[in-house]
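# Coordinate analysis (summary)
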Amino acid sequence: MQMPTPNPAVLARKADIVARLRAQLPADAVIDDPAETRAYECDALSAYRCMPLAVVLPRTTAEVAAALRICHAEGVPVVPRGAGTSLAGGSMPSQDAVILGLARMNAVLEVDYDNRFIRVEAGRTNLSVTGAVEGDGWFYAPDPSSQLACAISGNIAMNSGGAHCLKYGVTTNNLLGVTMVTMAGEVLEIGGPFCDAAGLDLLGVICGSEGQLGVVTEATLRILPKPEGARPVLIGYASNEVAGECVADIIRAGVLPVAIEFMDRPCIRATEDFAHAGYPDCEALLIVEVEGSEAEIAEQLGLIRQIAERHNPVEFREARTEDEARRIWLGRKSAFGAMGQINDYMCLDGTIPVSSLPLVLRRIGEMSREFGLDVGNVFHAGDGNMHPLILYNANKPGDLEKCEAFGAEILKLCVEVGGCLTGEHGVGIEKRDLMVVQFAPADLEAQMRVKDVFDPAWLLNPAKVFPLPASESRRAA
Amino acid sequence: MRPPCPVPVQPERTNVMRPETEAQLAEAIRDADGPLQIVGGGTRPVGAALDGAVLETGALRGITLYEPGALTLVVRAGTPLAEVEAAIAAEGQRLPFEPVRWGPVLGAAGDSTVGGVVAANVSGPRRVQAGACRDSLIGVRYVDGTGTVVKNGGRVMKNVTGYDLVKLLAGSWGTLGVLSEVSFKLLPAAGAQATLILPGLTAAEAVPALTAALGSPYDVSGAGWLPGVGAMIRVEGLAESVDYRAGRLAVLLARFGRVVDERDGSAALWRDLGEVAPFQGATGDLWRFSVKPSQAPSVIARLGYPVVLDWGGGLIWALVPEGVDARARAGAFTGHATRMRGQGPGAFHPEPAPIAALSAGLRAKFDPRGILNPGRMG
Ligand SMILES: Cc1cc2nc3c(=O)[nH]c(=O)nc-3n(C[C@H](O)[C@H](O)[C@H](O)COP(=O)(O)OP(=O)(O)OC[C@H]3O[C@@H](n4cnc5c(N)ncnc54)[C@H](O)[C@@H]3O)c2cc1C
Ligand SMILES: Cc1cc2nc3c(=O)[nH]c(=O)nc-3n(C[C@H](O)[C@H](O)[C@H](O)COP(=O)(O)OP(=O)(O)OC[C@H]3O[C@@H](n4cnc5c(N)ncnc54)[C@H](O)[C@@H]3O)c2cc1C
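Residues numbered from 1 in each chain as written. Chains lettered and ligands numbered in written order. Predicted model: local features only at pLDDT ≥ 70, side-chain atom pairs only at ≥ 80, totals over all residues. Heavy atoms only, no water.

The subject of this paragraph is the interface of chain B and chain A. The partner chain A presents 89 residues to the 74 residues of chain B that form the contact. Overall, the association of chain B and chain A removes approximately 6,400 Å² of surface from exposure, summing both partners, and the carbon and sulfur fraction of that is 60%. The largest contributions to the chain B side of the interface with chain A come from B:K158, B:V160 and B:Y163, which together make up 15% of the buried area. Counting the contacts that link chain B with chain A gives nine salt bridges. When the shortest N-O distance is used, the salt bridge between B:R245 and A:E296 registers 3.0 Å. Along the contact surface separating chain B from chain A lie 24 residue pairs in polar contact (both at pLDDT 80 or more). A total of nine residues in the side of chain B that touches chain A trace back to one element, the largest contributor, which is helix α13 (residues 353–366) of chain B. (Contact = heavy atoms within 4.5 Å. Buried area = accessible area lost by both parts, 1.4 Å probe. Salt bridge = Lys/Arg side-chain N within 4 Å of Asp/Glu carboxyl O. Polar contact = N/O pair within 3.5 Å; in protein donor to acceptor, adjacent residues only side chain to side chain. Helix = DSSP H or I, 4+ residues; strand = E, 2+ residues; numbered from the N terminus.)

Laid out in structure tokens, this is it:
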């Protein structure tokens, strides 16, 4: 993985730049002591690290604008940061970049149940958005597994998903408006608590732009009344193919579960050893969750049972109590931790058409033998978003490179069968160089032109998303 | 009695192009030496007449991929909406956002194309539950103003690879590119539906009732008001579930007035609402307001003209005398207004200067010669 050579002119002026920031911002908002900036040298893709020039932690949109105006004038790259849980290196700095962290901007600004929205400062964590409304029976739907830590600003930048997005959609489907500051320091209000854009859907392209178009400081989010209840079932199968067929049949039958999760044998084994959730010993396991009143849950689960039994499951387990429901989810929720117990792992995030599931799992198994690295699969089966976890040993020379090569082959396979490189984690630096597998030069050019409009100097998170050779002339200009 | 539909005035068709492949479409745009009007469905008499050669998409037709088990559909942009709806209905599926036909109320003949639906980001009553057209759209192929073919998104439901130009193209009214192919995620069609009607309520009185319904856990899939009918609240799904939720909602809504549980006529009511049937053939200009729902009663009061409500009051259709600036008359509100039928400038909502500058910047990048529907979005 390469990063561009840091701008020597910026590095040379570090002291001046920090002094200018200090002059405009509160004393504690600017950090340049390496002991403190070290916490910002990486995100959750911790194999890659780099110390930033400085870190700015503003408390208001006006302070964000002030910091950006200075960086803009000085030609300093800026890397926006929420909570730093990106798995793609999205918030990893470069040596010549200022980290602009939203952690101190976490207030709830407005809760409006009549119009079904909440407005928050964008540094607020995902879970605490729901926390602000759940006492009144409401929730914010997108629920990434990292929701305890990750910030709404990172969710917006990555267009993050969650286990329940089969029914409720991902971030972009639940985002109504943002306050965003451009690299030049201009404050924009985009969207709001009403439907659809008046003109072009700028909000739609800002969401998922990985911190490259502007710094989001506030967000208006759709909130929903909580369903009356929810219940999972666990279905075990003797083959991946049959489990895949069962998923397709459930979807075709007109039941819309809120979640359909899939785990393969290596993953089931690892989680069983780790979490003792009591999962059956089988090739493939589905967790299907439905929502509604008691009667509605019973009606949907009745249908799902009928479909599942047509495919001869080795197990069909319906949660009858809260505790049984918790145990069904326990293994799935600890899957990453369980794999991490065995070894270091890399988590992939490609999406495939659901129909290609058996083929892709078979090919991954073959590649696992070719590369000599173990892999487990957990999978949002309803929408085809895969999370192969490749195990490697970070202390063994060459293992990380081998793991990355294996990962790249899996992602190429995802594209080959009609899918994509990333379903929810984003491109960042991790998949940047694979973009040419999925996109023709003209496709990338069209995207880069959008950045040209929002950030003509290419100072915001410039070395991400696009292959370095493709963006080079723009970054150099 | 409604006056008959105005007869569509056919624009003079001196120069009409009708590419049959994406490559031909790209060639037509590359070779264009002046403005192009992009036409999906056919006869289009409404809105400020545009100059230039006509580029029809109707020959870019047909479903390229349909996987019912994956709830995904890929279709050429010129395909009639009806053709798409029939194909997926045969598998018990539907477009989540409930596309509506505005042809009748706008006085246009012919059927919408899927490309036109996407270019206008047209969504029906189910938008309150299932999102807008842009939320179901998972991929596009289009030709930009230089004649270059671009793809974005794809055929899978979850995809964050690169920027989301899919959303940007939805609702761009053909000013950023001409769509050649679009992909949607689909939903299973509901087995049953019920509509609760509160016949006694005026439009303004309906809003709190719609708000209460949308704030309940009963998964409401439509919340509107039709003159002569009253407030309408829809639930859809498996039969027993529909019974249950309709029952609970009837109890919840009783405090707003008499509640009628309509089953047989339910589907027709929502078609009427989506197509704004009460204003079909009526004379006057037609305006469409998107507002913060709680502001609907005051906007309706200030307008003082006949209205139809959808999206829990967040969408207001208003029939106003010709030439009246309904946007100005509505006073201050959070949202935007579009004149859907009527003459003169100002059909689209004016944007604040910095937003307008970004939009103009994007158009200049996508269509540097300014030949795609120039002026369509004001
Ligand atoms: C254990 C674990 C589980 C995870 N599970 C999921 C999951 O289920 N689903 C999922 O989608 N993701 C998941 N993730 C990935 C990650 O949590 C998400 O990408 C999350 O949205 C990142 O949020 P953050 O606040 O940590 O962002 P950061 O890592 O700080 O930043 C992410 C990106 O957002 C940009 N950004 C941050 N703040 C701003 C701002 N104010 N303005 C503009 N751009 C900004 C950054 O520049 C960067 O490109 C998981 C990660 C971990 C470690
Ligand atoms: C201000 C305004 C004016 C409207 N004018 C009309 C009208 O004149 N006639 C009408 O029936 N409905 C109109 N509508 C409603 C809406 O366009 C229709 O409900 C539906 O989109 C019609 O589909 P169509 O295939 O007939 O598209 P068209 O009416 O042919 O096109 C709708 C819009 O999409 C563009 N478009 C069509 N196909 C493509 C494509 N493949 N790629 C890119 N852009 C494309 C057109 O240039 C036009 O701007 C209007 C709405 C508004 C807000």
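Right, let's get into the packing of helix α17 (residues 441–454) of chain A against helix α18 (residues 468–476) of chain A. Residues and elements named next belong to chain A. Relative to each other, α17 and α18 sit at 25°, their axes nearing to 11 Å. One way to sum up the angle between α17 and α18 is to call them roughly parallel. Crossing geometry of α17 relative to α18 is assigned as right-handed. Residues E445, M448, R449 and D452 of α17 touch α18, and the partners they reach there are A470, S471 and R474. (Axes fitted to C-alpha atoms, helices over the stretch in contact; angles between N-to-C directions. Parallel < 35°, antiparallel > 145°, perpendicular 65-115°, else oblique. Left-handed = near helix turned anticlockwise from the far one by under 90°.)

All names here are of chain B. Using the criterion set out here, one finds 14 aromatic pairs over all chains in the structure. Measuring from centroid to centroid gives 5.5 Å for W173 and F348, while their planes differ by 75°, and the two rings are edge-to-face. Of this pair, W173 sits in the loop between α7 (165–169) and β9 (177–185) while F348 sits in the loop between β18 (335–341) and α13; the two residues are 175 residues apart in sequence, bridging distant segments of the chain. By relative accessible area, which is 24% here, W173 ends up partly exposed. Owing to a relative accessible area of 14%, F348 belongs among the buried residues under this scheme. (Phe/Tyr/Trp six-rings, centres within 6.5 Å; stacked < 30°, edge-to-face > 60°. Buried < 20%, exposed > 50% of the residue type's maximum accessible area, 1.4 Å probe, protein only.)

Turning next to the domain arrangement of chain A. Residue and element names in this part refer to chain A. When the domains of chain A are assigned, the result is domain 1 (1–226), domain 2 (230–336) and domain 3 (343–434). On a C-alpha basis, the centres of domain 1 and domain 3 stand 27 Å from each other. The junction of domain 1 with domain 3 conceals about 1,300 Å² of combined surface from both sides, 57% of it contributed by carbon and sulfur atoms. Together, L87, A88 and E210 form the three largest contributors to the area buried by domain 1 at its contact with domain 3, with a combined 32%. Counting every contact that joins domain 1 to domain 3 gives zero salt bridges. (Domains from an automatic or database assignment.)

All right, on to the site of ligand 1 then. All names here are of chain A. Close contacts around ligand 1 come from 32 residues, with P80, G82, T85, S146 and S160 the closest. Side-chain polar atom of S146 to an oxygen atom of ligand 1: 2.5 Å apart, as the coordinates give it. Between V216 and ligand 1, the recorded distance is 2.9 Å, taken from a backbone N or O atom to a nitrogen atom. About the coverage of ligand 1: the protein hides 93% of its 980 Å² of free accessible area. At the level of secondary structure, the elements contributing two or more residues to the shell around ligand 1 comprise β3 (78–81), α6 (152–158) and β10 (215–222). Considering each element in turn, the shell around ligand 1 owes the most residues, five residues, to α6. By residue class, the composition of the shell around ligand 1 is twelve nonpolar, 17 polar and three charged. (Near = heavy atom within 4 Å. Areas by Shrake-Rupley, 256 points an atom, 1.4 Å probe, with all protein chains shown as cover. Nonpolar A, V, L, I, M, F, W, Y, C, P; charged D, E, K, R; others polar.)

All names here are of chain B. Splitting chain B by domain gives domain 1 (1–189 + 348–378) and domain 2 (190–346). With centres defined by C-alpha atoms, the gap from domain 1 to domain 2 works out at 26 Å. Every contact between the two is made by 26 residues of domain 1 and, on the other side, 35 residues of domain 2. In total, about 2,400 Å² of surface goes out of reach between domain 1 and domain 2, with carbon and sulfur atoms giving 57% of it. For the pair domain 1 and domain 2, the number of links is three salt bridges.

In this section: the packing of helix α9 (residues 240–252) of chain A against helix α11 (residues 294–310) of chain A. Residues and elements named next belong to chain A. As a packed pair, α9 and α11 sit with axes 9 Å apart at the nearest point and diverge in direction by 145°. The element α9 and its partner α11 pack so that their crossing is right-handed. Between α9 and α11, the residues in contact are C246, D249 and I250 and I304, I307, A308 and R310, respectively. When the residues that make up the contact of α9 with α11 are grouped by side-chain class, the tally is five nonpolar, no polar and two charged.

Right, let's get into α18(A). Residues and elements named next belong to chain A. Listing the buried residues of α18 in full gives L468, S471 and R474. Looking down the long axis of α18, one finds its buried residues gathered within 120° of arc, a one-sided arrangement. In α18, the exposed positions angled more than 90 degrees off the buried face are occupied by P469, S473 and A476. In this structure, the buried side of α18 is in contact with α17. (Arc of directions from axis to C-beta.)

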